[in-house]
Amino acid sequence: MRVDEFGADPADLTPLTGAALLTPAHQHPSGVVLSPARRGEFVAWAECCDGFLIEDDYDGEFRYDGRPVGALQALDPERIVLAGSVSKSLAPGLRLGQLVVPPTLRVPVTAAMRESGGGVSVIEQLTLADLVARGDYDRHVRRVRTVYRRRRAELADRVGALTGLRLVGAAAGLHALLPLPSAEYERRLISTGEYVGLRLHGLHASGYRHPPDTSAPAALVLGYATPAPHAWGQALDLLGEVLEAEGLRAGPRGTRP
Ligand SMILES: Cc1ncc(COP(=O)(O)O)c(C=O)c1O
């Protein structure tokens with residue numbers, strides 16, 4: 001699906017589509033929040049065309065602007081699967097998450113999971129359940145939310161001070177986008193990053209453009225959660241070096257190069 005400033009666009013869905021996978025609270029990777037009108041359009045499509053929506057709420061714990069986004073699933077629990085994960089809140093290596101599945105899909109989804117061999121260790125599930133029941137999961141999320149909010153602000157400040165550019169996307173999750181003049185510029189920044197020891201991702205370089213189109217807008221996808229506390233300051237410094245080395249500056253209107 002195409003994505004614009006209102007989020008994913010349902011225009012290309014047809015009565016034969018079957019299902020659509022969405023990240024409504026924080027589109028990945030653009031960071032756009034699905035607009036209320038688009039939410040209505042997706043639900044109308046699902047209801048009229050016997051379709052299903054899969055709401056991938058992959059980073060819903062992390063919102064920094066005090067405006068939590070409600071679950072799309074509440075609009076039609078018969079047609080919308082809500083998927084969550086602890087990959088962002090705890091660690092991706094745990095492979096733990098949850099699905100809220102409409103009653104009509106419970107049997108086929110359970111069978112498909114069994115067939116795929118995608119079971120999850122019972123010990124790890126029980127450990128997570130214990131963490132949640134004791135309130136430790138919530139305490140952990142509250143603590144890291146503060147850390148990531150601060151990191152995002154520091155990243156925005158550093159980028160702004162060096163380039164005059166603003167990060168784009170909702171103040172949420174663990175990544176932000178830095179718009180760039182071209183795919184070629186993106187490639188140069190990533191390779192300069194490699195040279196100084198900083199791994200960078202981009203919309204083109206990381207395969208987010210489907211189909212690949214070098215004339216489509218370019219951006220760095222800046223994740224700010226991975227560096228360990230002792231390495232965060234150095235990661236910011238390295239990013240600053242890369243941006244300065246490539247002379248990235250805002251254009252005359254300030255927001256875009
Ligand atoms: C868009 C999106 N959905 C879901 C996930 C979580 O996937 P998993 O639970 O398989 O790690 C991620 C990454 O953490 C993601 O970026």
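Residues numbered from 1 in each chain as written. Predicted model: local features only at pLDDT ≥ 70, side-chain atom pairs only at ≥ 80, totals over all residues. Heavy atoms only, no water.

**Details of the site of the ligand**
In the vicinity of the ligand, the contacting residues are His 28, Asp 56, Tyr 58, Ser 85, Ser 87, Lys 88 and Arg 95. Side-chain polar atom of Asp 56 to a nitrogen atom of the ligand: 2.5 Å apart, as the coordinates give it. Tallied by class, the residues present in the shell around the ligand amount to 1 nonpolar, 3 polar and 3 charged. (Near = heavy atom within 4 Å. Polar contact = N/O pair within 3.5 Å; in protein donor to acceptor, adjacent residues only side chain to side chain. Nonpolar A, V, L, I, M, F, W, Y, C, P; charged D, E, K, R; others polar.)

**With respect to the domain arrangement of the protein chain**
Under the domain assignment used here, the protein chain contains domain 1 (3–133) and domain 2 (142–245). Computed from C-alpha coordinates alone, the two centres of domain 1 and domain 2 are separated by 26 Å. Counting from both sides, the interface comprises 15 residues of domain 1 and, opposite them, 18 residues of domain 2. Between domain 1 and domain 2 lies a buried interface of about 1,400 Å² when both sides are counted; carbon and sulfur atoms form 64% of it. When the buried surface of domain 1 facing domain 2 is broken down by residue, Pro 29, Phe 62 and Tyr 64 rank first, second and third, together holding 49% of it. Seen at the junction of domain 1 and domain 2, the total is 0 salt bridges. At the surface where domain 1 touches domain 2, the tally comes to 7 residue pairs in polar contact (both at pLDDT 80 or more). Here the side of domain 1 that touches domain 2 is composed, by residue class, of 5 nonpolar, 5 polar and 5 charged. (Domains from an automatic or database assignment. Contact = heavy atoms within 4.5 Å. Buried area = accessible area lost by both parts, 1.4 Å probe. Salt bridge = Lys/Arg side-chain N within 4 Å of Asp/Glu carboxyl O.)

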